[in-house]
Amino acid sequence: MLSNLLLAADTPLGHVLNRKSMWSDISWVGEIGDVASLHEIMLVLGGVLLVLGLIFSASRIRTGQESEGNARYVTRGRLAQIVEVMVVYLRDEMVQPILGEKQTRRWLPFLFSIFFFILVLNLMGLLPLQDLHHLFGLHHFLLGGTATANINVTATLALFAFVAIQFHSFRELGFIGWLDHLTCGLMKGPKGLLLVVPIVFAVEFAGVFIKPVALAIRLFANMMGGHILLATIIMLPSMAQLGLEPGGGAWFGVSIATGSFAVALTFLELFVAFLQAFVFMFLTAVFISLMSHEEHEDEDHDVDEVAAEVAAIH
Amino acid sequence: MSFALLLAAADGAAPNPMQPNLWVAGTALVVFSIAFGTLYIKVWPIITKGLDDRNDKILGEIKGAEDARAQAKEALAEYEQSLAKAREQAQQTIAEAKAEAQRLGDEMKASNERELAERMARAKADIESARKAAVADIHANASELAAAVASRILKREINSADQATLVAEALGELDGAGV
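Values in this document were obtained by computation on a predicted structure and should not be read as measured data.

**Regarding the overall build of chain A**
Part 1 of the argument: From N to C terminus, chain A includes 10 helices and 0 strands.
Part 2 of the argument: Helices (α) and strands (β) of chain A occur, in sequence order from the N terminus, as α-α-α-α-α-α-α-α-α-α.
Part 3 of the argument: Within the span of chain A, comprising 314 residues, buried residues form 49% of the whole.
Part 4 of the argument: A sequence separation of at least 24 residues applies to 68% of the contacts in chain A between residues at least 6 apart.

**Let's talk about the overall build of chain B**
Part 1 of the argument: In terms of regular secondary structure, chain B is built from 4 helices and 0 strands.
Part 2 of the argument: For chain B, the α and β elements follow one another from N to C terminus as α-α-α-α.
Part 3 of the argument: Burial statistics for chain B: of 179 residues in total, 14% are counted as buried.
Part 4 of the argument: Only carbon and sulfur atoms are counted for the fraction: they give 61% of the accessible area of chain B, which is about 13400 Å².

**Looking at empty space enclosed by the protein**
Where empty space is left becomes clear once a probe the size of a water molecule has been rolled over the atoms.
Residues and elements named next belong to chain A.
Part 1 of the argument: For the structure on display, the rule yields 1 cavity of 30 Å³ or more.
Part 2 of the argument: Lining the largest cavity are Leu215, Arg218, Leu219, Gln276, Val279, Phe280 and Leu283.
Part 3 of the argument: Within the residue set of the lining of the largest cavity, elements represented by two or more residues are α8 (197-240) and α9 (249-290).
Part 4 of the argument: In terms of residues, the lining of the largest cavity owes the most to one element, α9, which gives 4 residues.
Part 5 of the argument: In the lining of the largest cavity, the residues fall into 5 nonpolar, 1 polar and 1 charged.

**Details of the interface of chain A and chain B**
Part 1 of the argument: Opposite the 51 residues of chain A that make contact, chain B presents 40 residues.
Part 2 of the argument: At the junction of chain A and chain B, the tally comes to 2 salt bridges.
Part 3 of the argument: The closest approach of N and O atoms between Arg54 of chain B and Glu84 of chain A, which form a salt bridge, is 2.5 Å.
Part 4 of the argument: At 14 residues, the largest contribution of residues to the side of chain A that touches chain B is made by helix α5 (residues 78-126) of chain A.
Part 5 of the argument: A class-by-class count of the residues in the side of chain A that touches chain B yields 32 nonpolar, 12 polar and 7 charged.

**Brief notes about the confidence of the model for chain A**
Part 1 of the argument: Of the residues in chain A, 88% have a pLDDT of 70 or more, and the chain-wide mean is 84.
Part 2 of the argument: Contacts for the low-pLDDT stretch residues 295-299 of chain A, under 50 throughout, to residues beyond four places or in other chains number 1 contact.

**A short note on the environment of Phe274 of chain A**
Residue and element names in this part refer to chain A.
Part 1 of the argument: If you trace the backbone, Phe274 turns up in helix α9.
Part 2 of the argument: A sequence separation of 159 residues divides Phe274 from Phe115, and the C-alpha atoms of the two residues are 8.9 Å apart.
Part 3 of the argument: Apart from the residues within four sequence positions on either side, Phe274 is in contact with Met86, Phe115, Leu119 and Leu123.

**Description of the confidence of the model for chain B**
Residues and elements named next belong to chain B.
Part 1 of the argument: Per-residue confidence for chain B gives a mean pLDDT of 85; residues scoring 70 or more make up 87%.
Part 2 of the argument: Across chain B, element-level confidence peaks in helix α2 (residues 22-42) with a mean pLDDT of 95 and bottoms out in helix α1 (residues 2-13) with 46.
Part 3 of the argument: Contacts for the low-pLDDT stretch residues 1-12, under 50 throughout, to residues beyond four places or in other chains number 10 contacts.

**Notes on helix α7 (residues 151-182) of chain A**
Residues and elements named next belong to chain A.
Part 1 of the argument: Counted at 1.5 Å a residue, the expected span for α7 with its 32 residues is 46 Å, but the 28 Å between its end C-alpha atoms falls short.
Part 2 of the argument: At Gly174, α7 shows its maximal kink, close to 105 degrees.
Part 3 of the argument: Between the side-chain oxygen at the start of α7 and the backbone nitrogen of Asn152 there is a gap of 2.9 Å, and the oxygen is on Asn150.
Part 4 of the argument: Looking one or two residues beyond α7, the residue adopting positive phi is Cys184, at roughly 55 degrees.

About the cut-offs
Residues numbered from 1 in each chain as written. Chains lettered and ligands numbered in written order. Predicted model: local features only at pLDDT ≥ 70, side-chain atom pairs only at ≥ 80, totals over all residues. Heavy atoms only, no water. Helix = DSSP H or I, 4+ residues; strand = E, 2+ residues; numbered from the N terminus. Buried < 20%, exposed > 50% of the residue type's maximum accessible area, 1.4 Å probe, protein only. Contact = heavy atoms within 4.5 Å. Areas by Shrake-Rupley, 256 points an atom, 1.4 Å probe, with all protein chains shown as cover. 1 Å grid on protein atoms, 1.4 Å probe; cavity = no way out; pocket = protein on both sides within 12 Å on 5 of 7 lines; lining within 4 Å. Points joined across faces, edges and corners; volume = space filled by probe spheres on them. Nonpolar A, V, L, I, M, F, W, Y, C, P; charged D, E, K, R; others polar. Salt bridge = Lys/Arg side-chain N within 4 Å of Asp/Glu carboxyl O. pLDDT = per-residue confidence, 0-100. Expected span 1.5 Å × (residues − 1). Bend = angle between axes of the 7 residues up to and from the residue. Polar contact = N/O pair within 3.5 Å; in protein donor to acceptor, adjacent residues only side chain to side chain.

And the structure:
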């Protein structure tokens, strides 16, 4: 049924692409511009849910009154406990070893905001909201889709990361230090190496922009690719109707096989939703740490290796 | 066939996924800015403070437990030291009591021996004086008896000079007899 609905509605690509929502049909909204596409609706909804969910969680993590005794330190509620576990793990095991305690305190709000923002949008994208519209006979959608499968969204988030990285580098290094960093310190090195300074500078300067671009494309491609694959797999039984007898044994076998694979793939997508949010946040932290003082140069090599390993995952 | 038509129709309408859309990008910019600003003020300070408070509490409890343990260890050492000192004092007291008892015993023994010796000496002296008194009495009685016997035999009065002579002779005999 879902397979037929998908097929009737979209190509696999069409299923994950942005499109106009039902709100665009309202005349005054349509006059403003393309402000009510599904991804924009999901962005706003995701932002609201994120803020409300985290404010609720923070109220449960907050230290209670003294009259509560030791219980005032206990986090209450499953959502708050899940948020706390993620925050503590990411802070202590992932970010702090890279940035150090001081910089972690400074950058934790930005890094975790971007992590949870992407995570919420990724998870919302796993909900089959558009398909439910089809199920109820609606072909104009109120909401649905994966906002992080939109390059414009991921590019905007990467822009925030770019600003954060450069803000940190200028604050920590200053303009001269920033230039020195982009020449890998060769300006102070042997004179014979001065010839390669322009090449190194060009490569490093390009890297300044390539890093956030890579962040944007990695998130966009992973979310879009996963959803296209999932949609394709779910469409297979309907496609099989063209060559196989509908309701026959072979068609039934294909349906069972693809259905099982789609379920497994959905779990993989669930994992990818967390992984990609983590990778975006973690690489941003790594890039911030790379633009730090000279005394971190030794650590930078380790950070480079870790960043390469994380990037190699995807 | 219907599938192919649908696919073709959808493909024809599908936009380019890489196409820039400033409305979407702007929405993302505004939404994330507002969300980040709100979280920066309303969420992360509260969460980090809560976690820090708990961390401080746990560290404080651990430090308190370590301090209590150190104090208990110190108290145990003091107690053991006091116990050892008390044992030492008890041993010393027992040794002193034993020495005192020994000293008193020795003194009592010496006193008893001394008293016994004195009593023995006194007894010997008494015996000697009694013996001498008895001998003197015997001498006196013997002389009187001898005088009486002699006067009867001689039918005459023996004067005091004779009596003295006779007594001296008798005593001489007695001494010679070892009485």
